[in-house]
Amino acid sequence: MLNITAWIILGLIAGAIAKAIYPGRQGGGIVSTMVLGIIGALIGGILVTLLETGRFQLTAATLTIPGIIVAVIGAIIAIFVWNLLANRASY
């Protein structure tokens, strides 16, 4: 149960920071921010593991300062991809 709570907190922190850093308006409420942060933690964890070990593993960032930084980077990547897909769908 504590692990799920840590993921929710990490998601809120990382999603809010990523939305503040990324230019433009992303919209959405607290739930979308949390989901964005959790997706960012997964993306960031996978990228860090890939860079460190050279293997693709499904891992996620943890609730530490480096983990938050990795999750924010992953969330920024998720916002970028989401904006690409949303803009492509609007044409």
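Residues numbered from 1 in each chain as written. Predicted model: local features only at pLDDT ≥ 70, side-chain atom pairs only at ≥ 80, totals over all residues. Heavy atoms only, no water.

**What about a nonpolar patch on the surface?**
A cluster of nonpolar residues, L47, L50, F56, I65, I69, I73, I77, F80, V81, L84 and L85, forms a patch on the protein surface that exposes about 1,000 Å² of accessible area. Breaking the nonpolar patch down by element, the ones donating at least two residues are α2 (30-53) and α3 (65-89). Among the elements that make up the nonpolar patch, the one with the highest residue count is α3 (eight residues). Inspection of the secondary structure assignment puts I69 in helix α3. (Patch = residues over 30% accessible without salt bridge, like charges linked within 9 Å, V, L, I, M, F, W, Y side chains within 5 Å. Areas by Shrake-Rupley, 256 points an atom, 1.4 Å probe, with all protein chains shown as cover. Salt bridge = Lys/Arg side-chain N within 4 Å of Asp/Glu carboxyl O. Helix = DSSP H or I, 4+ residues; strand = E, 2+ residues; numbered from the N terminus.)

**Considering the layout of surface pockets**
Of the pockets and cavities examined, the largest pocket occupies roughly 260 Å³. Taken together, 15 residues line the largest pocket, and the ones lying closest to its centre are S32, L36, A78, I79 and W82. Looking at the lining of the largest pocket, the element that brings in the most residues is α3, giving six residues. Here the lining of the largest pocket is composed, by residue class, of eight nonpolar, six polar and one charged. (1 Å grid on protein atoms, 1.4 Å probe; cavity = no way out; pocket = protein on both sides within 12 Å on 5 of 7 lines; lining within 4 Å. Points joined across faces, edges and corners; volume = space filled by probe spheres on them. Nonpolar A, V, L, I, M, F, W, Y, C, P; charged D, E, K, R; others polar.)

**What about the nonpolar core?**
The biggest cluster of nonpolar side chains holds 14 residues, and the ones touching the most others in it are L10, A61 and A71. Breaking this core down by element, the ones donating at least two residues are α1 (2-21), α2 and α3. Counting residues per element, this core draws most heavily on α3, which supplies seven residues. Residues in contact with L10, not counting those within four places in the same chain, are A41, A61, T62, L63, G67, I68 and A71. (Core = buried A, V, L, I, M, F, W, Y, C linked by side-chain atoms within 4.5 Å. Buried < 20%, exposed > 50% of the residue type's maximum accessible area, 1.4 Å probe, protein only. Contact = heavy atoms within 4.5 Å.)

**Side note on the UniProt feature "transmembrane region" (unreviewed entry) in the protein chain**
Residues annotated in UniProt with the feature "transmembrane region" (unreviewed entry) correspond here to residues 30-51 and 63-85. Between the end C-alpha atoms of residues 30-51 the distance is 31 Å, and the span holds 100% helix and 0% strand. Annotated as 91% helix and 0% strand, the span residues 63-85 places its first and last C-alpha atoms 29 Å apart. (UniProt positions renumbered as here; feature names shortened; annotations may be inferred.)

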